[in-house]
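Residue-level structural notes
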Amino acid sequence: MNTPPPSPSNQPEFPGAFHQSFSWLLLEHKHNEREQFYAMTVDGCEGIKTCLDIVHLSNSDRNTDTAPTLDIVATERLLRLALMSSQLLADMAARRIDRLDDRTSR
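Residues numbered from 1 in each chain as written. Predicted model: local features only at pLDDT ≥ 70, side-chain atom pairs only at ≥ 80, totals over all residues. Heavy atoms only, no water.

1. Examining the pattern of salt bridges
Our working rule: The salt bridge definition used is simple: a Lys or Arg side-chain nitrogen within 4 Å of an Asp or Glu carboxyl oxygen. Counting from the N terminus, the helices are the DSSP runs of H or I reaching at least four residues and the strands are the DSSP runs of E reaching at least two. Per-residue accessibility, obtained with a 1.4 Å probe over protein chains only, is compared with the maximum for each type, and a residue is labelled buried under 20%, exposed over 50%, and partly exposed between these values.
Taken as a whole, this structure holds three salt bridges when the rule is applied. Across the pair glutamate 33 and arginine 99 runs a salt bridge, and its minimum N-O distance is 2.5 Å. Highlighted residues: glutamate 33 in helix α1 (residues 33–61) and arginine 99 in helix α2 (residues 72–104), separated in sequence by 66 residues. Residue class for arginine 99 comes out partly exposed when judged on its relative accessible area of 35%. Note that lysine 49 is salt-bridged to aspartate 53, the shortest N-O span being 3.0 Å. Separated by four residues within a single helix, lysine 49 and aspartate 53 lie in helix α1, roughly one turn from each other. What emerges from the salt-bridge pattern is a single network uniting Glu33, Arg96 and Arg99.

2. Side note on the nonpolar core
Condition: Think of a nonpolar core as a cluster: buried Ala, Val, Leu, Ile, Met, Phe, Trp, Tyr and Cys residues, connected wherever their side-chain atoms sit within 4.5 Å. When checking whether two residues touch, look at their non-hydrogen atoms; a contact exists if any pair is within 4.5 Å.
If you look at the biggest cluster of nonpolar residues, it comprises six residues: Ile48, Cys51, Val55, Leu70, Leu78 and Ala82. Every element with two or more residues in this core is listed here: α1 and α2. In terms of residue count, the dominant contributor to this core is α1 (three residues). In contact with alanine 82, not counting residues within four places along its chain, are Ile48, Cys51 and Leu52.

3. Describing the environment of alanine 39
Residue position: alanine 39 is located in helix α1. Owing to a relative accessible area of 10%, alanine 39 belongs among the buried residues under this scheme. When the C-alpha positions of alanine 39 and serine 23 are compared, they lie 7.7 Å apart, and in sequence the two are 16 residues distant. With near-sequence residues (within four places) excluded, alanine 39 lies in contact with Trp24 and Leu25.

4. Here's the deal with the side chain of serine 58
For serine 58, the location among the structural elements is in helix α1. What makes serine 58 buried here is its relative accessible area of 0%. The contacts of serine 58, once residues within four sequence positions are left out, are Pro68, Thr69, Leu70 and Thr75.

See the structure below:
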């Protein structure tokens, strides 16, 4: 995925801080609901992918001499987080689809 061009929204807030705020959106798109949903979808999907990558890595190491990255409880919690995140994203998309139906029936 391409990194968005620099804009005031992704410039360092605290130059010496390790974590800097970031947005997929350029400043002129930050207040548009549709573009905000796109950015949130990217964040949600990347988070789900990260959770599942860690779960997969942990499960792959369970029957080897390598210590798994996570214990079983933490692995299950990450799976639950991925599940709930995908459900939240689906629910938000469904609400937007319902609003499209409402607009076309008028």
